[in-house]
Amino acid sequence: MTSTLRQPRIAIVGAGMSGICLGALLLEAGIETFTIFEKAEDTGGTWRENTYPGIACDVPSRFYQYSFARNPHWSRAMAPGAEIHAYLEQVARDTGVSAHIRYAAEVASVDWTDGCWELTTAAGDSARFDFVVSATGILHHPRYPDIEGLDTFAGPSFHSARWDHDAPLDGQRIGVIGTGSTGAQIVSDLAGRASQLTVFQRTPHWVMQLGNPEFSRFTKWLHRRLPSYDRLSYHGWRLFIESFSPALLRPGIARRFATWQIRRQLRQIKDPALRAQLTPDFEPMCRRLIISTSYYDAVQRDDVEVVATGIERIEPDGVRTTDGVLHPCDVLVLATGFDSHAYLRPIAMTGPDGTTLEQAWAAGPRAYRTVTLPGFPNFFMFMGPNSPVGNYSLIAIAEAQAGHMLQWIDRWRRGEIDTVAPTTTATDAYYDDVRAAMPATIWASGCTSWYVGAGGNVEVYPWAPRHFRKQLAEIKDTDFLTTKTSSG
Ligand code: NAP
């Protein structure tokens, strides 16, 4: 029987975890008319770009995976980065998504033209699409520190997401600038390898000790042989992680207990002076928690020094701090984070009425329920503004967002709509709710972090993951402006 469903032309920008997720779900729904534009030569997004020593996920692997493509072979409770990259590549291959990826195809602009999106690559190729989906990731624009003399350093110097694998590490004097999740993992790995490791800390972070045990052969066998057990384990981990929501979202006993637990872990630092140096002046969990059992051990080694004095400048031989001391280094690692507020930019985007994305976001990035944007029809975002849900699995977030997109794509296929975008009124009302809910959350309790955007707006999701799934699963028709002009 011939299908009467229309076939949408869909462009997905980015072949990372989110792009692969949507590709796989589109194929499952029988939609093959999509192209994934990937600027690099390989899939995997952040897990392709980040190859620094010690990289591992800080969300348990049993839940940091697609619910529709669970992997019984994870080696550890929290998988190493290379294993996650290999997993994503395998899912792309096994589901058939790989065949839809155009590599080395960086998207430069997307413009609404004649009732559809015209997408142009940096190489100048263009094509038209009914839907455009941004799957560009949230942590992929390295943030380089604005420190005088950075380019004068004589040895290898690189950002953590651009690791120079030719740079010698063993027996070297290594400086690491930055003490977030990335810096902590790098320091944990390099301690004992470097002859001297100097950790330049601008702000201390809270550390939560969660072990990362290897899975036994028996456990892997159990997960492989009993898919229902494997599925149960996925949901068990989901419920466990969701049980932290009350502590994150509102003051009360759960928050007091969680913050007490995290604070007391600092007791592992024996030297009172070092403990004072490592004690943050903000609430635990206000910034994303560092999950590590080895960071506190690493910084207490004799060959590791935490320098909390500010950096004056970088010189050819090392880092000079504001007290005049030169800390000699052979290798300098910049674990200084990412511009998490760029979203799909620098891609230039222009909507039907000539409004650009820059103009639409002049007062700060925003999206209706994290996925859609008023005035930009048939445009969806993964990990859009206010997407991250605490220390939750971004894969589960992507799946909920993909489910929302698929509902609209399905209506388009059935010929019920030609275009869809949220109304400005609904988006304003949504942000009234976001703003009202945010002050009770731990992320708004008084700290700077990559969750906080320009103007001090916290760009995370202020409700529980369960609410997120519900908000995206239901479509409130009155919140959207749809058009239907074609007869198809
Ligand atoms: P980050 O949390 O933003 O930390 C950046 C660090 O660099 C901070 O300590 C910051 O100091 C410091 N820094 C920035 N500019 C500086 C300057 N000019 N001088 C001195 N210090 C400077 O970035 P990240 O560690 O890359 O982590 C980002 C996020 O990636 C994490 O929160 C996590 O969500 C994710 N991540 C996850 C994993 C995982 O799954 N295992 C691993 C790594 C990263 P201030 O604090 O003073 O700004």
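Residues numbered from 1 in each chain as written. Predicted model: local features only at pLDDT ≥ 70, side-chain atom pairs only at ≥ 80, totals over all residues. Heavy atoms only, no water.

A. A nonpolar patch on the surface, seen in detail. There is a patch of nonpolar side chains on the surface, built from W237, F240 and F244 and spanning about 260 Å² of accessible area. As for its placement among the helices and strands, F244 is situated in the loop between α6 (227–242) and α7 (245–249). A relative accessible area of 32% means that F244 is categorised as partly exposed. (Patch = residues over 30% accessible without salt bridge, like charges linked within 9 Å, V, L, I, M, F, W, Y side chains within 5 Å. Areas by Shrake-Rupley, 256 points an atom, 1.4 Å probe, with all protein chains shown as cover. Salt bridge = Lys/Arg side-chain N within 4 Å of Asp/Glu carboxyl O. Helix = DSSP H or I, 4+ residues; strand = E, 2+ residues; numbered from the N terminus. Buried < 20%, exposed > 50% of the residue type's maximum accessible area, 1.4 Å probe, protein only.)

B. Representation of the layout of surface pockets within the structure. Estimates place the volume of the second largest pocket at around 520 Å³. Around the second largest pocket sit 32 residues that line it, and M208, I241, F244, L289 and N391 are the ones nearest its centre. Counting only elements with at least two residues in the lining of the second largest pocket, the list comes to α6, α7 and α8 (253–264). Of the residues that constitute the lining of the second largest pocket, the class distribution is 24 nonpolar, six polar and two charged. Counting contributing residues per domain, the lining of the second largest pocket is built from domain 1 (2–141 + 340–483) and domain 2 (150–217 + 245–334), each supplying no fewer than three. (1 Å grid on protein atoms, 1.4 Å probe; cavity = no way out; pocket = protein on both sides within 12 Å on 5 of 7 lines; lining within 4 Å. Points joined across faces, edges and corners; volume = space filled by probe spheres on them. Nonpolar A, V, L, I, M, F, W, Y, C, P; charged D, E, K, R; others polar. Domains from an automatic or database assignment.)

C. Up close: the site of the ligand. Inspection of the region around the ligand gives 24 residues, with A56, T182, T203, R287 and W450 positioned closest. A distance of 2.3 Å is found between a nitrogen atom of the ligand and a backbone nitrogen or oxygen belonging to A56. Interatomic distance of 3.1 Å between a backbone N/O atom of S181 and an oxygen atom of the ligand. If the ligand stood free it would expose 900 Å²; the protein chains cover 88% of that surface. The dominant element in the shell around the ligand, judged by the number of residues it contributes, is helix α4 (residues 181–190), at three residues. Counted by class, the shell around the ligand contains nine nonpolar, ten polar and five charged residues. Two domains each put at least three residues into the shell around the ligand: domain 1 (2–141 + 340–483) and domain 2 (150–217 + 245–334). (Near = heavy atom within 4 Å. Polar contact = N/O pair within 3.5 Å; in protein donor to acceptor, adjacent residues only side chain to side chain.)

D. How the structure looks around the sheet that holds strand β18 (residues 348–350). One open sheet holds the four strands; their spatial order is β6-β5-β4-β18, and the pairing between them is mixed. Whereas interior strands pair on both sides, the edge strands pair on one side only; in this sheet they are β6 (126–129) and β18. Strand-to-strand twist of the sheet, defined as the mean angle between neighbouring strand axes without regard to direction, takes the value 15 degrees. Two elements, strand β4 (residues 107–113) and β18, share three bridges in a ladder whose sense is parallel. Pairing of D111 across the sheet is with T350, part of β18. (Pairing = 2+ DSSP bridges. Axes fitted to C-alpha atoms, helices over the stretch in contact; angles between N-to-C directions.)

E. Inspection of the state of the cysteines at higher detail. With the rule as written, the count across this model stands at one disulfide. In this model, C286 is linked to C447 through a disulfide, with the two sulfur atoms separated by 2.1 Å. Between C286 and C447, the S-S dihedral sits near -95 degrees, and the bridge is therefore left-handed. Of this pair, C286 sits in the loop between α9 (272–277) and β12 (290–291) while C447 sits in the loop between α13 (424–437) and α14 (465–473), and the two are 161 residues apart along the sequence. Given the relative accessible area of 0%, C286 is considered buried. A relative accessible area of 15% places C447 in the buried class. With no disulfide of its own, C57 has C21 as its nearest cysteine by sulfur position, at a separation of 15 Å. Among the residues examined, C57 registers a relative accessible area of 6% and is labelled buried. (Disulfide = S-S within 2.5 Å.)

F. Molecular detail of the packing of aromatic side chains. Under the defined criterion, the tally for this structure stands at 26 aromatic pairs. Ring geometry for Y368 against F480: centres 5.2 Å apart, planes inclined by 85 degrees, an arrangement best described as edge-to-face. Of this pair, Y368 sits in the loop between α11 (357–360) and β19 (379–381) while F480 sits in strand β21 (residues 480–483), and the two are 112 residues apart along the sequence. With a relative accessible area of 7%, F480 lands in the buried category. A ring pair is formed by Y430 and Y431, whose centres lie 5.4 Å apart and whose planes are at 85 degrees; its orientation type is edge-to-face. Each member of the pair, Y430 as well as Y431, is classed as buried. Ring-pair connections join several aromatic residues into one group, and the members of that group are Y368, W408, Y430, Y431, Y461, W463, F468 and F480. (Phe/Tyr/Trp six-rings, centres within 6.5 Å; stacked < 30°, edge-to-face > 60°.)

G. Structural view of the environment of A454. Tracing the sequence through the fold places A454 in the loop between α13 and α14. For A454 and A363, which are 91 residues apart along the polypeptide, the C-alpha to C-alpha distance reads 8.8 Å.

H. Highlighting unusual backbone geometry. The omega torsion of the bond from R345 to P346 falls at 20 degrees, within 30 degrees of zero and hence cis. Summarising the element assignment, P346 is placed in the loop between β17 (331–334) and β18. Backbone geometry places Y343, a non-glycine residue, at a positive phi of 50 degrees. Within the secondary structure, Y343 sits in the loop between β17 and β18.

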